[in-house]
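Listed below, chain by chain, are the residues.
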Amino acid sequence: MEIEASIDHHVAQLLPGGTYSSDVLRARGNQALAELRQELAHLQCLGAGGPDRWEYAELGMTFADRWRNMDTASISNDLLQAGITVECHPQNAGGHILRLPEDLRQRFAATVGQLRPETTAVSSLTAPAEKTTSTAILGP
């Protein structure tokens, strides 16, 4: 569990010889440790029946950086986990439509400008014109 690993890290740094040697760092380390312990206690109270949730964590890389060393199945799983879907339609029926979860759209909008309220058309993806419409959904 990520929280337990973080707790272990902070405890190790607070011990003699750890990197939290100054009063300021010790105070910040103790505060972080207290917050982690509180969150862990809360999650343990919820148990397995608690609500599913996602937490945004900055990884310091783009999707392209992350995908550079991944296979196609892993990339697809990343898209599924992020809730990103693509509707595939013939070009004469509007082409492909990329759908993003609202929280992800807001983060994109903050960094690259405004996106349309509901969808973003992907003009770089093209499908051969055909009479039927196929839909490929990537997401939960």
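This structure is a prediction, so every number in the text was calculated from the model and none was measured.

About the cut-offs
- Residues numbered from 1 in each chain as written.
- Predicted model: local features only at pLDDT ≥ 70, side-chain atom pairs only at ≥ 80, totals over all residues.
- Heavy atoms only, no water.
- Helix = DSSP H or I, 4+ residues; strand = E, 2+ residues; numbered from the N terminus.
- Buried < 20%, exposed > 50% of the residue type's maximum accessible area, 1.4 Å probe, protein only.
- Contact = heavy atoms within 4.5 Å.
- Axes fitted to C-alpha atoms, helices over the stretch in contact; angles between N-to-C directions.
- Parallel < 35°, antiparallel > 145°, perpendicular 65-115°, else oblique.
- Left-handed = near helix turned anticlockwise from the far one by under 90°.
- Nonpolar A, V, L, I, M, F, W, Y, C, P; charged D, E, K, R; others polar.

A closer look at the overall build of the protein
Within the protein, the secondary structure is distributed over 5 helices and 3 strands. For the protein, the α and β elements follow one another from N to C terminus as α-α-α-α-β-β-α-β. With 140 residues in all, the protein has 23% of them scored as buried. Contacts spanning at least 24 positions in sequence make up 48% of the contacts within the protein whose residues lie at least 6 apart.

Here's the deal with the environment of Ala 82
Checked against the element boundaries, Ala 82 lands in helix H4 (residues 72-82). Its relative accessible area of 26% is what places Ala 82 among the partly exposed residues. Along the primary structure Ala 82 and Leu 100 are separated by 18 residues, whereas in three dimensions their C-alpha atoms are 8.4 Å apart.

Observations concerning the packing of helix H1 (residues 2-14) against helix H2 (residues 23-46)
Each pair of packed helices can be summarised by the angle the axes make with each other and by the distance between the axes. Here H1 crosses H2 at 155 degrees, and the two axes come no closer than 9 Å. Here H2 runs roughly antiparallel to H1, going by the angle between their axes. Handedness of the H1/H2 crossing: left-handed. Across from Ile 3, Glu 4, Ser 6, Ile 7, His 10, Val 11 and Leu 14 in H1, the residues of H2 making contact are Arg 26, Gly 29, Asn 30, Ala 32, Leu 33, Leu 36, Arg 37, Glu 39, Leu 40 and Leu 43. Along the lines of polarity and charge, the residues of the contact of H1 with H2 split into 9 nonpolar, 4 polar and 4 charged.

What to know about the side chain of Asp 78
Of note, Asp 78 is situated in helix H4. Leaving out residues up to four positions away in the same chain, Asp 78 has contacts with Phe 63, Arg 66, Trp 67 and Met 70.

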